[in-house]
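Close look at the chain arrangement
Now for the letters of each chain:
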Amino acid sequence: MRPTFIRKSASELRVPPNLPRPAEREAPLSVQAARHALAGLPGGGLNIAYEAVDRHAAGPRANHPAFRWLCRNDAEQIFTYDDLALLSNRFANVLNSLGVGKGAGVFVLCGRIPELYVAVLGALKNGCVVSPLFAAFGPEPIATRIALGAGRVLVTTDTLYARKVAKVMHALPTLKHVLLVGEGGATTDIPGTLDLRRLMDAAADGFDIVPTAAEDPALLHFTSGTTGTPKGAIHVHDAAVMHYMTGKYALDFHPEDIFWCTADPGWVTGTSYGIIAPLLHGVTSIIDEADFDAERWYRILQDHEVTVWYTAPTAIRMLMKAGTELARKYRFPDLRFIASVGEPLNPEAVWWGQEVLGLPIHDNWWQTETGGIMIANTPAMDIKPGSMGRPLPGVEAIIVRHEDNGAVTVIDVPDVEGELALKRGWPSMFRGYLNQEERYRKCFAGDLYLTGDLARRDADGYFWFVGRADDVIKSAGHLIGPFEVESALMEHPAVAEAGVIGKPDEIVGEVVKAFVSLKKGYEAGDALRLELLGHARKRLGAAVAPKEIAFVASLPRTRSGKIMRRLLKARELGLPEGDTSTLEGGA
Ligand code: AMP
């Protein structure tokens, strides 16, 4: 049997960790001190892009590579901090020349191409509120989010525009400017859009950052709930303080690191840690345009001498599936720290890292609303495989009992399950759900933010993930709202009602499964199943659409008419049905 701990000894760590073991450390950086580690805008205020880029471009790291961009076809391009400063200035000037100013919503829908990163940083310099969208979304999730965020500008590629955006433009009256990147370097001439490269070429190199205060909105990240529309979590420039602290402690950045965050910036991890945190520390990041491929990933880790790697459980399980032999063809002498986030990391995967890559995988926990890592296994900590780790400095995590009537009481004994709560006030905490005040208010009880996750804390202060308190689905690390999927299915003329659940899956955690009842005159069968799968995929995109559809005569509902997804799931898994007293027609 394997031990419950992976013990760390100081001599095994190749560089002294930024956060030593508790017994050895002086008080770690306070939030206040971390704020002082950032420069602040020359005229006062705080701007993420200034801290991430211009601060370094004006100092000794100007010529240090910020991004090493790996193109799908293996071509490679280096962007130094100086390059990024110039390109983001130009993009800010492009926005300015279009009359787009402070507070305007700028959406970015691109694969991992350089323009995405330049647009995010340039828009931040211009005081805009940036919202990166996942390129694998279909037209509906894209349109819903741009409409909710009242987007003024969209940066996308000519291909994505033609495939996904053109058909929903009529539903986006606030969208005044569509800036297109021609794929393969081509210029674009699509009516109603502008060619971004041409605009960039004509733009000036210098830009005075629009003064932003620490509390000014900077990023809008959409996340999904059980019901209703997606929620736009608002983050402010002060979030950079937490990105800096967590980069230092949870990812242990040191100046010469080569860092690779595999998350797409369309999700919060890819923005906070694929763009902001490594730049704040002046380190070099790898950006890979291509999708997952086991062999390619091992090659990148080896050939690019990656030292710190931040990835996700689904990717690790896919590497495990690709086999140990493949991994053994490569050597990773530079790799010194591996972290993972986004879904439960099974102990098997932690051990696989130790045995096959020579390093355990360090799980950490956070969510869109927290803006940055909250609970982590840091390099110096002993790991308990299966645990998310312990709260970072500046974070107070608590387990609470959250009653149906809203009452919240703190559980201060170890090993009792409850909802994970955080003491409010850390700098990257979301400041609201855009235009959804009531939903935001409901996330708090006094000075506690309620995360919606169930967890327990053990006697050593380690936190263990138990599950979600709601019905949202986590598939390949991506949060999917069942309501969004159900709504798209209901748009098909054959569908009377739809209920969507996450069905456990060994590799991606959960796959989206839909239960559908049909309107009179339609017949269940493989042909209709395929048609519905295709319909959902076209509207929602591959990342969100269901992978399985089952036909049922009717869906279980509560007496008040809500679909009982919990019951659908219990039935699917052959588990006890639990309390069905609210079931329509039930006891
Ligand atoms: P998102 O807001 O899309 O980043 O998703 C956040 C959710 O992902 C959390 O509320 C958890 O349900 C889940 N999650 C994130 N990190 C972990 C982890 N280390 N272990 C288990 N679940 C996680």
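Our structure is the block above this text.
For the structure given in this document, a descriptive report is provided here. Being a predicted model, the structure only gives us computed values, none of them experimental.

Quick notes on the nonpolar core
Counting 97 residues, the largest nonpolar core has F91, L279 and Y310 as its most contacted members. In this structure, L279 is in contact with A52, V53, H56, A66, F67, Y81, L84 and L121, ignoring residues within four places of it in sequence. Counting 45 residues, the second largest nonpolar core, distinct from the first, contains L133, F137, V165 and V485.

Focus on the pairing of strand β14 (residues 361–365)
Across the five residues that make up β14, a large majority, five, are buried. What you see with β14 is no split at all: I361, D363 and W365 on one side and H362 and N364 on the other are buried throughout. In the sheet, strand β13 (residues 337–340) pairs with β14 via three bridges, with the strands oriented parallel. Of the residues in β14, the one forming a bridge with A339 is H362. In terms of handedness, the path from β13 via helix α13 (residues 347–357) over to β14 forms a crossover that is right-handed. Relative to strand β15 (residues 375–376), β14 runs antiparallel, the two being bridged by two bridges. In the sheet register, W365 faces β15, and the bridge partner there is I375.

As for the site of the ligand
Residues in close proximity to the ligand total 17 residues, the closest being D363, N364, Q367, T368 and R468. Within the backbone of N364, an N or O atom sits 2.7 Å from a nitrogen atom of the ligand. A distance of 2.9 Å separates an oxygen atom of the ligand from a polar atom in the side chain of D453. Mapped by element, the contributors of at least two residues to the shell around the ligand are β14 and β23 (463–468). Among the elements that make up the shell around the ligand, the one with the highest residue count is β14 (three residues). Here the shell around the ligand is composed, by residue class, of eight nonpolar, four polar and five charged.

Description of unusual backbone geometry
Within the chain, D252 stands out as a residue other than glycine whose phi angle is a positive 55°. A relative accessible area of 1% places D252 in the buried class.

A short note on the sheet that holds strand β27 (residues 509–518)
Here we have three strands laid out as an open sheet, ordered β26-β27-β28, and mixed in their pairing. A strand with exactly one partner marks an edge of an open sheet, and here the two such strands are β26 (495–505) and β28 (548–551). On average, each strand axis in the sheet is inclined to that of its neighbour by 25°, with strand direction left out of account. Inspection of the sheet shows β27 paired to β28 by four bridges, in the parallel sense. Paired with A514 across the two strands is I549, which belongs to β28. Packing against the sheet, helix α15 (residues 482–490) makes contact with β26, β27 and β28, and its axis sits at approximately 140° to β26.

Focus on the state of the cysteines
Per the counting criterion, the structure on display carries zero disulfides. Sulfur of C110: no disulfide; nearest cysteine sulfur belongs to C71 and is 14 Å away. Cysteine C128 shares no disulfide, and the gap to the nearest cysteine sulfur, in C110, comes to 16 Å.

With respect to the packing of helix α3 (residues 81–97) against helix α4 (residues 114–125)
In contact at an axis separation of 7 Å, α3 and α4 are set at 65° when each is read in the N-to-C sense. Crossing handedness for the pair α3 and α4: right-handed. When α3 is examined against α4, the residues L84, A85, L87, S88, N89, F91, A92 and L95 are found in contact with a partner set consisting of V118, A119, L121, G122, A123 and K125.

Remarks on the layout of surface pockets
A volume near 280 Å³ is recorded for the second largest pocket. What lines the second largest pocket is a set of 17 residues, among which K8, E12, L13, R336 and L359 lie closest to the centre. Class assignment for the residues of the lining of the second largest pocket results in eight nonpolar, three polar and six charged.

Calculation notes
- Residues numbered from 1 in each chain as written.
- Predicted model: local features only at pLDDT ≥ 70, side-chain atom pairs only at ≥ 80, totals over all residues.
- Heavy atoms only, no water.
- Core = buried A, V, L, I, M, F, W, Y, C linked by side-chain atoms within 4.5 Å.
- Buried < 20%, exposed > 50% of the residue type's maximum accessible area, 1.4 Å probe, protein only.
- Contact = heavy atoms within 4.5 Å.
- Helix = DSSP H or I, 4+ residues; strand = E, 2+ residues; numbered from the N terminus.
- Pairing = 2+ DSSP bridges.
- Right-handed = clockwise from strand over helix to strand, strands pointing away.
- Near = heavy atom within 4 Å.
- Polar contact = N/O pair within 3.5 Å; in protein donor to acceptor, adjacent residues only side chain to side chain.
- Nonpolar A, V, L, I, M, F, W, Y, C, P; charged D, E, K, R; others polar.
- Axes fitted to C-alpha atoms, helices over the stretch in contact; angles between N-to-C directions.
- Disulfide = S-S within 2.5 Å.
- Left-handed = near helix turned anticlockwise from the far one by under 90°.
- 1 Å grid on protein atoms, 1.4 Å probe; cavity = no way out; pocket = protein on both sides within 12 Å on 5 of 7 lines; lining within 4 Å.
- Points joined across faces, edges and corners; volume = space filled by probe spheres on them.

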